[in-house]
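Survey of secondary and tertiary structure
Residues per chain, in single letters:
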Amino acid sequence: MARPGKGKGVIDSALIVFILVTIALGVFAWLRGGPELLREGLGNGGNLLAKSGLIIAVSFVAAGLAEALIPKNAIPNALGVDSGLRGILLATGAGVVTPSGPFVAIPIAAAMERSGAGTAPLVAYISAWGLIAVHRLVAWEIPILGTRLALVRWSVCLALPVLAGLVVRIFTRT
């Protein structure tokens with residue numbers, strides 16, 4: 001279930017803050033280097049948008065489709081406020097196997113929240129994805145850090161998403 005105030009419109013406080021920060025950065029660029037530096041900064045931002053904008057848009061559409069395909073009562077039953085340790089463990093497992101960067105994982109978490117996932121399972125999901133995702137272990141850490149160091153780091157972090165979810169559950173009932 002979405003929290004009150006969420007999803008009411010495109011203009012929200014986060015967007016306003018980003019707009020103000022962008023304007024401030026533009027003013028600083030103008031003051032520091034004139035129109036040339038401002039054009040360079042705007043060009044850099046445009047290039048980044050061209051590279052990443054499409055993947056962000058597609059990932060949000062994919063998250064929306066996944067949300068629509070999941071039966072309406074599945075998320076509240078499996079990951080809702082009353083799912084307890086089972087929900088935290090399930091969300092941790094989902095985070096471990098989510099094969100993506102933030103452009104996919106975070107929209108999936110947002111879709112789970114809109115579908116009725118509780119805060120504790122969501123914290124466990126995001127923590128597991130950030131700390132112990134298998135795709136990152138296999139694709140990046142083992143090849144770059146070596147098997148021993150990568151597996152030691154991964155093993156030490158294994159319990160952290162569950163602990164994070166349990167701490168959230170103790171201090172909140174959402």
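Right, let's walk through the structure included here. (Residues numbered from 1 in each chain as written. Predicted model: local features only at pLDDT ≥ 70, side-chain atom pairs only at ≥ 80, totals over all residues. Heavy atoms only, no water.)

Re the overall build of the protein
The helix and strand inventory of the protein stands at eight helices and zero strands. If you list the helices and strands of the protein from N to C, you get α-α-α-α-α-α-α-α. Relative to the 2.2 N^0.38 estimate, which gives 16 Å for 174 residues, the radius of gyration of the protein is 20 Å and therefore markedly larger than a compact globule would have. Dimensions of the protein along its principal axes, counting C-alpha atoms only, are 55 × 45 × 30 Å. Here the protein holds 174 residues, and the buried ones make up 29% of them. (Helix = DSSP H or I, 4+ residues; strand = E, 2+ residues; numbered from the N terminus. Rg over C-alpha atoms; globule rule 2.2 N^0.38 Å. Buried < 20%, exposed > 50% of the residue type's maximum accessible area, 1.4 Å probe, protein only.)

Topic: the pattern of salt bridges
A complete count under the given rule lists two salt bridges for this structure. As a salt-bridge pair, Glu 141 and Arg 136 come within 4.0 Å of each other at their nearest N and O atoms. For Glu 141, a relative accessible area of 10% gives the class buried. Judged by relative accessible area, Arg 136 falls into the partly exposed class, the value being 21%. Between Glu 141 and Arg 153 there is a salt bridge, with the nearest N and O atoms lying 2.8 Å from each other. One end of the pair, Glu 141, is in helix 6 (residues 134–145); the other, Arg 153, is in helix 7 (residues 147–157), and twelve residues separate them in sequence. The class of Arg 153 is partly exposed, set by a relative accessible area of 25%. Among the charged side chains, a salt-bridge network with shared partners connects Arg 136, Glu 141 and Arg 153. (Salt bridge = Lys/Arg side-chain N within 4 Å of Asp/Glu carboxyl O.)

Comments concerning helix 4 (residues 102–114)
Its 13 residues place the ends of helix 4 18 Å apart at the C-alpha level, agreeing with the 18 Å of an ideal helix rising 1.5 Å per residue. The set of residues buried in helix 4 consists of Ala 105, Pro 107, Ala 109, Ala 111, Met 112 and Glu 113. Elements that come into contact with the buried residues of helix 4 comprise helix 1 (13–69), helix 2 (74–79) and helix 5 (119–132). (Expected span 1.5 Å × (residues − 1). Contact = heavy atoms within 4.5 Å.)

Re the nonpolar core
The biggest cluster of nonpolar side chains holds 17 residues, and the ones touching the most others in it are Leu 79, Met 112, Ala 117 and Tyr 125. Residue assignment for this core shows that the elements contributing at least two residues are helix 2, helix 3 (84–97), helix 4, helix 5 and helix 8 (160–171). Setting aside its immediate chain neighbours within four residues, Ala 117 contacts Ile 75, Leu 79, Gly 80, Met 112 and Leu 122. (Core = buried A, V, L, I, M, F, W, Y, C linked by side-chain atoms within 4.5 Å.)

Quick word on the side chain of Ser 127
Along the chain, the position of Ser 127 falls in helix 5. Polar side-chain contacts of Ser 127 include one of 2.7 Å to the backbone oxygen of Val 123. Residue contacts for Ser 127: discarding those within four places in its chain leaves Ile 132, Pro 161 and Ala 164. (Polar contact = N/O pair within 3.5 Å; in protein donor to acceptor, adjacent residues only side chain to side chain.)

Considerations on the layout of surface pockets
Put simply, the largest pocket is a space of about 270 Å³. Surrounding the largest pocket, Thr 22, Leu 25, Gly 26, Ala 29, Leu 37, Leu 38, Gly 41 and Leu 42 form its lining. Considered class by class, the residues forming the lining of the largest pocket number five nonpolar, three polar and no charged. (1 Å grid on protein atoms, 1.4 Å probe; cavity = no way out; pocket = protein on both sides within 12 Å on 5 of 7 lines; lining within 4 Å. Points joined across faces, edges and corners; volume = space filled by probe spheres on them. Nonpolar A, V, L, I, M, F, W, Y, C, P; charged D, E, K, R; others polar.)

Points about the packing of helix 5 against helix 8
Two elements in contact, helix 5 and helix 8, have axes whose closest approach is 8 Å; the angle formed by their N-to-C orientations is 155 degrees. Relative to helix 8, the element helix 5 lies roughly antiparallel. The crossing of helix 5 and helix 8 is right-handed. For the pair helix 5 and helix 8, the contacting residues are Thr 119, Ala 120, Val 123, Ala 124, Ser 127, Ala 128, Leu 131 and Ile 132 in the first and Leu 160, Pro 161, Ala 164, Gly 165, Val 168 and Arg 169 in the second. Its residues assigned to classes, the contact of helix 5 with helix 8 shows ten nonpolar, three polar and one charged. (Axes fitted to C-alpha atoms, helices over the stretch in contact; angles between N-to-C directions. Parallel < 35°, antiparallel > 145°, perpendicular 65-115°, else oblique. Left-handed = near helix turned anticlockwise from the far one by under 90°.)

These values are about where atoms sit, not about what they do.
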